[in-house]
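Structural overview for review
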Amino acid sequence: MKKVLNFRFLILLVLAAVLIGWLVPSLFSPRVERIDTSTGLEILDTGLVDSAKIVDIDQRVELGLTEDWAADLPEDAPEDWAEYPGKVEFLYVAPQGEQIVDAIVAADLPQGYDSDVNRGSVWSTLLFTFLPILLLVGLFWFLMSSMQGGGGRLMSFGKSKASLVTPDTPTVKFDDVAGVEEAVEELKEIEEFLENPAKFQAVGAKIPKGVLLYGPPGTGKTLLARAVAGEAGVPFFHISGSDFVEMFVGVGASRVRDLFDQAKKNAPAIIFVDEIDAVGRHRGAGMGGGHDEREQTLNQMLVEMDGFDINTNVIMIAATNRPDILDPALLRPGRFDRQVGVEAPDLKGRQKVLEVHAKGKPISPEVDLDAMARRTPGFTGADLANVLNEAALLTARRDQQLIGPHELDEAIDRVIAGPQKRTRIMNEHDRSVTAYHEGGHALVAAAMNHTDPVTKVTILPRGRALGYTMVMPQEDRYSKTRNQLLDNLAYAMGGRMAEEIVFGDPSTGASNDISQATEIAKQMVTEFGMSADVGSVRLAGSSGEVFLGRDMGHGRDYSEDLAATVDREVRALMDSAMEEAAKALQSNRALLDSLAEQLLEKETLNETELAEIFAKVKKAPRRKHWVSGDWAPKSAPRKKPVTAPPPPKEEPSDTLPTEPTDVGTGGTGTADARAEQADGSSDPGTRSDAE
Ligand SMILES: Nc1ncnc2c1ncn2[C@@H]1O[C@H](COP(=O)(O)OP(=O)(O)OP(=O)(O)O)[C@@H](O)[C@H]1O
Ligand SMILES: [Zn+2]
């Protein structure tokens, strides 16, 4: 098959050569002046013409002029005639044919005349006329057939590139990838499967077909994928998404097919698609012609993945920096349904990455890798590898044998300053503000009575967020109570309140918190019937728009009144949330400080570390029993609800004092809307489950 392809290509080459062969001689042949037909006839009359040649097929006459032509010219001849070279030619139209022949015969030329109907030139003319057409048709044919996905069949261009994806079996091991333990854990299962597919097939286990690695550039996604192949000892096919979408229409799709065929032949194997967003972008989101091509490539990929069965033993690993723009079809079950985040390493991780890359390099014993890791918050694995490499270059340039601390320091500065630096390095003040902010969220969450435990707090920048605090529900939540929502509001504002309490100069970092909290408060008032003043009516969603009066056709418009009430109630909820947060922080100020301190030191605190700090937390006072109206007689004793045994245990009662405070009750801080940095506290708990 491939021979045929190359043969065709050869023919094209030969034709091109012939074409050039025809064109080039005519470029170098002696000069012939092209003149008007009438001038030609006049020249014939001068008697200074030696010979003539009628080339009928071209309707062209060539005149050979006498040797002394210029000298013999009559006085009244046009000046430029003298300039003519030994040969001139002119063209005529068919009806003039006879007249031309008569004139030539009449001129009675010394060397006579010749007619040329030139058989050879018929062929050449045919060639000249039809070759370009043939070429065009051929090109068109090629484009058409490749559009149907058969590109590789016609020409070897498309094909060869795909077969150029020669698999290798990497020697990289999981140990070479540092600081991304969670991702490694996830990928170990894949590795086990590739090592021994039969074991998994025997019990009918469903193995993921695709794993998506997402995270910022240079965090080791490629390295991780290679390590899976390296550990399992299987061939690794590496192709980049942008390679798929290339030059010729349709080649992408055929290349995908080739790649999969090849991988299946080599199974068990890994196909790694770097920059999958280049093909996997939301369908219909592309622009111009390129996107049809991209869609075909994507569709082909989906088709191939759907075609995997339990015996295929090929696993796709894809990487992207932009999981948000991927086509949802890619993420559906049976495709890239396993998604693994690969983030920039934290302090410990950075130290490990440095150790990995320092291995085999002559590092001076004076060098303290731990101190280096501390100096490089926000650096990715690639940045750190780069630092060591820069340091090695500096060392060599200075004719030293060992890489010393000075070289490393300088290398860090270079990488920070370097144009390739993509990660954000925070200054000390920003870090400290972020530490208190995130610490504030976490501490308020811990102090509230109806929140889930805080599982992770970090001040490592991620995406546009400066840091985040994670609160994990321990069980599925089907609805939320008013107290839980109020707790959510309080800890959403915890970050902001910590900034106010500690620095007295809050930052824009809370804008996202504020908008999330406001959203919840609005829903409480307009959807959940949790405001006594508004009552249990649903007002047009959380947008705050009131259409109730109009709808009921009472002829009375409530909207302005109600809108004002809604605003007041939302504001009241926010104010009391801020007050609760502030009180919780103030009565736990020592914990807040040690949280911030540890965050600045370790950057990320996990559940155990947090639990240790929070063991001493003073809980917030429980809120009063709440009913929506006056219907409940104030004096009637409240009865406990019945519960399934065992009865719920009371939470510890060491509540904090409730003396009033002036912090937080003043400004709501909503003016922060101009904030540019999103804070992105990813609180799964602040989502409303009550749709
Ligand atoms: N976690 C890590 N441990 C050790 N080395 C790392 C790590 N992350 C990156 N590196 C180093 O940086 C180099 C580049 O990383 P890699 O190409 O795997 O990043 P990537 O996440 O695939 O980046 P991109 O998104 O730009 O493709 C690696 O070859 C390795 O030397
Ligand atoms: Zn926040």
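Residues numbered from 1 in each chain as written. Chains lettered and ligands numbered in written order. Predicted model: local features only at pLDDT ≥ 70, side-chain atom pairs only at ≥ 80, totals over all residues. Heavy atoms only, no water.

An unreviewed UniProt entry lists the protein under the name ATP-dependent zinc metalloprotease FtsH, with Demequina activiva as the source organism. According to UniProt, the comment filed for the protein under the heading Function (unreviewed entry) is "Acts as a processive, ATP-dependent zinc metallopeptidase for both cytoplasmic and membrane proteins. Plays a role in the quality control of integral membrane proteins." (UniProt positions renumbered as here; feature names shortened; annotations may be inferred.)

Turning our eyes to something else, we now look at unusual backbone geometry. The phi dihedral of Glu 275 falls on the positive side, at around 45°, and the residue is not glycine. Within the element layout of this structure, Glu 275 appears in the loop between β8 (269-274) and α12 (277-280). Take Glu 275: its relative accessible area is 36%, and that puts it in the partly exposed class. In the Ramachandran plot, Glu 603 falls in the positive-phi region, its phi being about 75° despite a non-glycine side chain. Tracing the sequence through the fold places Glu 603 in the loop between α24 (589-602) and β13 (604-606). (Helix = DSSP H or I, 4+ residues; strand = E, 2+ residues; numbered from the N terminus. Buried < 20%, exposed > 50% of the residue type's maximum accessible area, 1.4 Å probe, protein only.)

What follows concerns the UniProt feature "binding site: Zn(2+)" (unreviewed entry) in the protein. Summarizing the sequence annotation, UniProt attributes the feature "binding site: Zn(2+)" (unreviewed entry) to His 437, His 441 and Asp 513 in the numbering used throughout. In three dimensions, the annotated residues from a span of 77 residues occupy one location, with a maximal C-alpha spread of 10.8 Å. Secondary-structure assignment places His 441 in helix α19 (residues 428-447). Polar contacts involving the side chain of His 441 include one to the side chain of His 437, which spans 3.0 Å. (Polar contact = N/O pair within 3.5 Å; in protein donor to acceptor, adjacent residues only side chain to side chain.)

Of the pairings in the sheet, the one linking strand β1 (residues 33-34) to strand β4 (residues 87-91) comprises two bridges and is parallel in character. Across the sheet, the residue bridging to Glu 33 is Val 88, located in β4. (Pairing = 2+ DSSP bridges.)

This next bit is on the sheet that holds strand β7 (residues 236-240). Spatial strand order, β7-β8-β9-β6-β10: five strands in an open sheet with parallel pairing. Edge positions in the open sheet fall to β7 and β10 (338-341), since each of these has one partner strand only. Across the sheet, the axes of successive neighbouring strands diverge by a mean angle of 20°, strand direction being ignored. Across five bridges, the pairing between β7 and β8 is parallel. (Axes fitted to C-alpha atoms, helices over the stretch in contact; angles between N-to-C directions.)

The next thing to look at is the site of ligand 1. By nearness alone, 16 residues border ligand 1, and Ala 178, Gly 218, Lys 221, Thr 222 and His 357 come closest of all. The side chain of Asn 321 places a nitrogen or oxygen atom 3.3 Å from an oxygen atom of ligand 1. Considered on its own, ligand 1 offers 620 Å² of accessible surface; in the complex 77% of this is hidden by protein. Listing elements by their share of the shell around ligand 1, those giving two or more residues are α9 (221-232), α15 (347-358) and α17 (381-397). At three residues, the largest contribution of residues to the shell around ligand 1 is made by α9. Residue composition of the shell around ligand 1, by class: six nonpolar, seven polar and three charged. (Near = heavy atom within 4 Å. Areas by Shrake-Rupley, 256 points an atom, 1.4 Å probe, with all protein chains shown as cover. Nonpolar A, V, L, I, M, F, W, Y, C, P; charged D, E, K, R; others polar.)

Quick look at the pattern of salt bridges now. Taken as a whole and assessed by the stated rule, the structure comprises 25 salt bridges. The residue Arg 431 makes a salt bridge to Glu 428 at a minimum N-O spacing of 3.7 Å. With Arg 431 and Glu 428 both in helix α19, this residue pair falls three residues apart, about one helical turn. With a relative accessible area of 9%, Arg 431 lands in the buried category. Among the ionic contacts, a cluster of salt bridges with common partners joins Arg 34, Arg 60, Glu 62, Lys 87 and Glu 89. (Salt bridge = Lys/Arg side-chain N within 4 Å of Asp/Glu carboxyl O.)

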